[in-house]
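# A closer look at the structure
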Amino acid sequence: MNRKFKNFNISNKLFWGFTLIFLILVLTIITSFSYSNKIIKSTQLISHTHEVIKELANIETLLIDLETSQRGYIITGKETYLETYNNSLKIFDDKISALRKLTIDNPSQTKRIGLLRRLTKSKLKDLQSTITLRKEVGFESAKKTIVDDSGKDIMDAIRALLSNIENEETRLLKTRNIEPNETKEKNNVALIALLVISTAASTLIGIAISRSITVPVNALIQGVKVIGKGDLKHNIRLDTNEEIGQLSHAFEEMINKLISNSASKDLLENEIEARKKTELELTSTKSRIELYARNLEQKNKESEEFVYIASHDLQEPLRTIKGFTELLKIENEEILNDESNSYLEFIAQSSNRMSELIKGLLDYGRIGQEKKQIKINCDEFIDSIQMDLGSIIDETGSTFIVEKLPIIRGYKTEIRLLFQNLITNAIKYHKTGIKPIIQISAKKKNDTWQFSFKDNGLGIADEHQERIFKLFQRLHNKSEYTGTGIGLAHCRKIVELHEGEIWVESKLGLGSTFHFTLKL
Ligand code: ADP
């Protein structure tokens, strides 16, 4: 029950509390009203009884007046007495009727009034007959009637009856006089009882409602104070589901949200801190990288200069070797046997090869020195390369199938070298007895052009497809195919210079397709 009352919300408690007080008030009003009605009724009855008694007195007085004026007339014979008599007679009946009306609610009194009416009638008849006798016969015979005391008997009977009626009314009056006091007392007792009940009820309801408000409100205030001091994890814990309980739950939810928000804020701040740190690190790394890049550029420049100078300087002794080998061969033609000649030939070939390698290295070092990218019409490039390689193309009977190629942006000399190396290789590494067929195409892929140079040549085994793009990597003997092993390394460096990629798809004996991408 107590738990049920606890779970009643405050508005319900207030509603039922005030309803109870209102019902007690209504009950008090009804009780007071009914008792007041009773008192009014009793008072009315008392005044009614007083009226009856007054009417009884009036009737007796009227009868005395009638008898007195009748006696006056009989003694004096004066008409004035008759006038008074007649006047009294006129109102007598009315008085009896009024009395009858007043006592109609009381059967025993009604009976007595009926008897009174009959007795007074015979009294009035007696008075009237004596007056007639006085008028018609004379004083003496009227006197005789009066003296025989018949009139007195009736009058005594009337007086006795009037006294009976009055006694009855006096008895009623006595009881009616008690009734209002009793009713008043009862009313007072009932009102006091209701007052006590309503005071007790309103006090209890007031205490219950104020406890259900003040106790949780105080707990809420205390909890809020603790939370306000920074203890966000403090639990207010109100064991009630009414409005203040709901308020505390909502408050707790808000605090929980605040905690999770401040946790995410902390996380965010940590994240920002970490990012700032990373940014600082990145900036310092960036400046370090820039320094390295500058150093590297400087070193590259120096090494390029060194390679150039070295290559240039190396060419000189090579030329000397070649020159003296030639001279040695010419001047000693007669004494040199075949073996010595072949040695000299070997020295000359190696020197040539060395010279080729140095030239290749020089070219490799020069890649990327061209500073400006320009628009390149690839179709025109292929045509001009075909023209330059005209004699070898004719010798080998090579066929070109070239699709429509795009206009790209790039370093002119490098792109030309790239195309030329791939075409030269496609022709050079053809299968014996099979004329080379070279297919060149380009298609858009995302934000690049993907070029493909396909041949029907020797093909390359899977395990070599990576390493052929490194410097001096050759798959064939120099006696089979001339070359330095620099061409594809050139190609990779050029493609990477244009931020692209190069790779090969090939099957040994089934030809190769070299793909590379260039930015749109
Ligand atoms: P090289 O001067 O030897 O041609 P490259 O760097 O151009 O040097 O090529 C490296 C090696 O890759 C070549 O020696 C050859 O064995 C192989 N190669 C290159 N192109 C082809 C091709 N189209 N078909 C088959 N093998 C090839």
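Residues numbered from 1 in each chain as written. Predicted model: local features only at pLDDT ≥ 70, side-chain atom pairs only at ≥ 80, totals over all residues. Heavy atoms only, no water.

### What to know about the side chain of histidine 490
For clarity, the cut-off: For the purposes of this entry, the term helix denotes a DSSP run of H or I that reaches at least four residues, the term strand denotes a run of E that reaches at least two, and both are numbered from the N terminus. For this analysis, residues touch if any pair of their heavy atoms sits within 4.5 Å.
Tracing the backbone through its elements, the reader meets histidine 490 in helix 12 (residues 487–497). Sequence-distant contacts of histidine 490, that is, excluding residues within four places in its chain, are made with Gly360, Asp363, Tyr364, Ile367, Leu417 and Asn421.

### What to know about the site of the ligand
Filter applied, for reference: One heavy atom within 4 Å of a molecule or strand makes the whole residue count as near it. Pairs of N or O atoms within 3.5 Å make up the polar contacts considered here, provided that, within protein, one atom can donate a hydrogen while the other can accept it, and that residues adjacent in sequence are counted only when both atoms are side-chain atoms. As defined here, a cavity is a set of points on a 1 Å grid over the protein atoms alone where a 1.4 Å probe fits but cannot get out. A pocket is an open set with protein on both sides within 12 Å along at least five of seven lines, and residues line them when an atom is within 4 Å of a point. To qualify as sitting in a cavity or pocket, a molecule needs more than half of its atoms within 2 Å of the grid points. Amino acid classes used here: Ala, Val, Leu, Ile, Met, Phe, Trp, Tyr, Cys and Pro are nonpolar; Asp, Glu, Lys and Arg are charged; the rest, including Gly, are polar.
Around the ligand sit 20 residues in total, of which Tyr429, Arg474, His476, Thr484 and Leu488 are the nearest. The backbone of glycine 487 places a nitrogen or oxygen atom 3.3 Å from an oxygen atom of the ligand. When atoms are counted within 2 Å of each cavity's grid points, the one that captures over half of the ligand is the largest pocket. For the shell around the ligand, the leading source of residues is helix 11 (residues 412–428), giving three residues. Among the residues forming the shell around the ligand, the class breakdown is eight nonpolar, nine polar and three charged.

### Concerning unusual backbone geometry
Selection criterion: Per-residue accessibility, obtained with a 1.4 Å probe over protein chains only, is compared with the maximum for each type, and a residue is labelled buried under 20%, exposed over 50%, and partly exposed between these values.
Phi at asparagine 446 takes a positive value of approximately 55°, unusual for a residue other than glycine. We note that phenylalanine 472 has phi near 65°; this positive angle belongs to a residue other than glycine. Mapping phenylalanine 472 onto the fold places it in the loop between strand 5 (448–454) and helix 12. Phenylalanine 472 gets classed as partly exposed once you look at its relative accessible area, which sits at 41%.

### Remarks on the pairing of strand 7 (residues 512–519)
Stated formally: Strand pairing is defined by DSSP finding a minimum of two bridges between the two strands.
Counting buried positions along strand 7 yields seven of eight residues, so the element is predominantly enclosed. Sheet analysis places strand 5 next to strand 7, joined by seven bridges and oriented antiparallel. Bridge assignment links glutamine 450 to a residue of strand 7, and that residue is threonine 517. In this structure, strand 6 (residues 502–506) lies alongside strand 7, joined through five bridges in antiparallel fashion. Bridge pairing links isoleucine 502 to phenylalanine 516 in strand 7. Counted along the chain from strand 6 to the antiparallel partner strand 7, the turn is five residues long, and its residue glycine 509 has a positive phi close to 85°.

### Details of the nonpolar core
The condition is simple: Nonpolar core, defined: a set of buried Ala, Val, Leu, Ile, Met, Phe, Trp, Tyr and Cys residues in which side-chain atoms within 4.5 Å join the residues together.
Counting 36 residues, the largest nonpolar core has Phe419, Ile423, Phe451, Phe453 and Phe516 as the members making the most contacts within it. Put simply, the parts of the chain that give this core at least two residues each are helix 9 (378–388), helix 11, strand 4 (437–445), strand 5, helix 12, strand 6 and strand 7. Ranked by residue count, the leading element in this core is helix 11, at seven residues. Apart from residues no more than four positions distant in its own chain, phenylalanine 516 is found in contact with Leu418, Phe419, Leu422, Trp449, Gln450, Phe451, Phe453, Val495, Glu501, Ile502 and Trp503.

### Overview of the sheet that holds strand 2 (residues 399–402)
What counts is decided by this rule: A fitted line through C-alpha atoms serves as each axis, taken over the contacting stretch for helices, and the angle formed by two N-to-C directions is quoted from 0 to 180°.
What the five strands build is an open sheet, ordered 2-4-5-7-6; its pairing is mixed. Every interior strand has two partners, whereas the edge strands, strand 2 and strand 6, have only one. If you compare each strand with its neighbour and ignore which way they point, the axes differ by 20° on average. Along the sheet, helix 11 contacts strand 2, strand 4, strand 5 and strand 7; its crossing angle with strand 7, the most-contacted strand, is approximately 170°.

### A word on empty space enclosed by the protein
Short version of the rule: Grid points are joined across faces, edges and corners, and a volume is the space filled by probe spheres set on the points.
Under the defined criterion, the tally for this structure stands at two cavities of 30 Å³ or more. In this model, the largest cavity occupies a volume close to 50 Å³. Around the largest cavity, the lining residues are His48, Val52, Leu102, Thr103, Asp105, Asn106, Glu169, Leu172 and Arg176. The set of elements that each furnish at least two residues to the lining of the largest cavity consists of helix 2 (10–76) and helix 6 (150–228). Ranked by residues supplied to the lining of the largest cavity, first place goes to helix 6 with three residues. Taken as a whole, the second largest cavity encloses approximately 40 Å³ of empty space. Forming the boundary of the second largest cavity are Leu422, Ala426, Ile438, Phe453, Lys454, Asp455 and Phe514. Taken together, the elements giving at least two residues each to the lining of the second largest cavity come down to helix 11 and strand 5.

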